[in-house]
Amino acid sequence: MRYRLTFVAGVVLGYVLGTRAGRERYEQLKKSARQFTQNPAVRNTAETAAQQGREFAGKAYHVVSDKVGDRMPDSVAHRVRTLRERTAHGAGEDDWGTSNT
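If you're wondering where the values come from, they're calculated on a predicted model, not measured in any experiment.

Re the confidence of the model for the protein
Item 1. Of all residues in the protein, 77% attain a pLDDT of 70 or more, and the chain-wide mean is 77.
Item 2. The least confident element of the protein, judged by mean pLDDT, is helix α3 (residues 74-88) at 76; the most confident is helix α2 (residues 40-68) at 85.

Right under this line is the structure:
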């Protein structure tokens, strides 16, 4: 019982001290994160990484669908063919309404 009481007292004390410094520290971290993400070097690096990821994902998609396409169920094969046609015609959005750029 004594250990439970000590644990609960510690949790309460931590909560009280955390809430006093919490908002100020949160705002400080938020400001630092905003400054970091607005740095042009960080933005360029993130965009480059995203573009490379999209290229690699596209290549992987085509390789896997070419190798596995004949062994897939008809419903999945139809979906892959539909996606290939959409990609070939340059559709700008995927099924979730996001652009593929």
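Here we look at a nonpolar patch on the surface
Item 1. On the surface, F7, V8, V11, V12, Y15 and V16 cluster together to form a nonpolar patch covering roughly 590 Å² of accessible area.
Item 2. Considering the arrangement of structural elements, one finds V16 in helix α1 (residues 2-37).

A short note on the pattern of salt bridges
Item 1. For the coordinates displayed, the defined rule picks out one salt bridge.
Item 2. We note a salt bridge from E47 to R54, for which the minimum N-O separation is 3.2 Å.
Item 3. The class of R54 is partly exposed, set by a relative accessible area of 30%.

Thresholds applied
All residue numbers refer to positions counted from 1 along the written sequence of the respective chain. Reporting of local features is limited, given that this is a predicted model, to residues whose pLDDT is at least 70; pairs of side-chain atoms are given and counted only at 80 or more, and all residues count toward the totals for whole chains, interfaces and linings. Only hydrogens and water are set aside; all other atoms, that is, all heavy atoms of the structure, feed into the side-chain values. Confidence scores labelled pLDDT are given residue by residue by the predictor and lie between 0 and 100. Secondary structure counts use DSSP, requiring at least four H or I residues in a row for a helix and at least two E residues in a row for a strand, with both numbered from the N terminus. The patch calculation keeps residues exceeding 30% relative accessible area without a salt bridge and links them within 9 Å when they carry like charges or within 5 Å when they are nonpolar (Val, Leu, Ile, Met, Phe, Trp, Tyr). For the area figures, the Shrake-Rupley method with a 1.4 Å probe applies, and any residue is considered shielded solely by the protein chains shown. Think of a salt bridge as a Lys or Arg side-chain nitrogen and an Asp or Glu carboxyl oxygen that are within 4 Å of each other. Between buried and exposed lies partly exposed: a residue is buried under 20% and exposed over 50% of the maximum accessible area for its type, with that area taken using a 1.4 Å probe on protein chains only.

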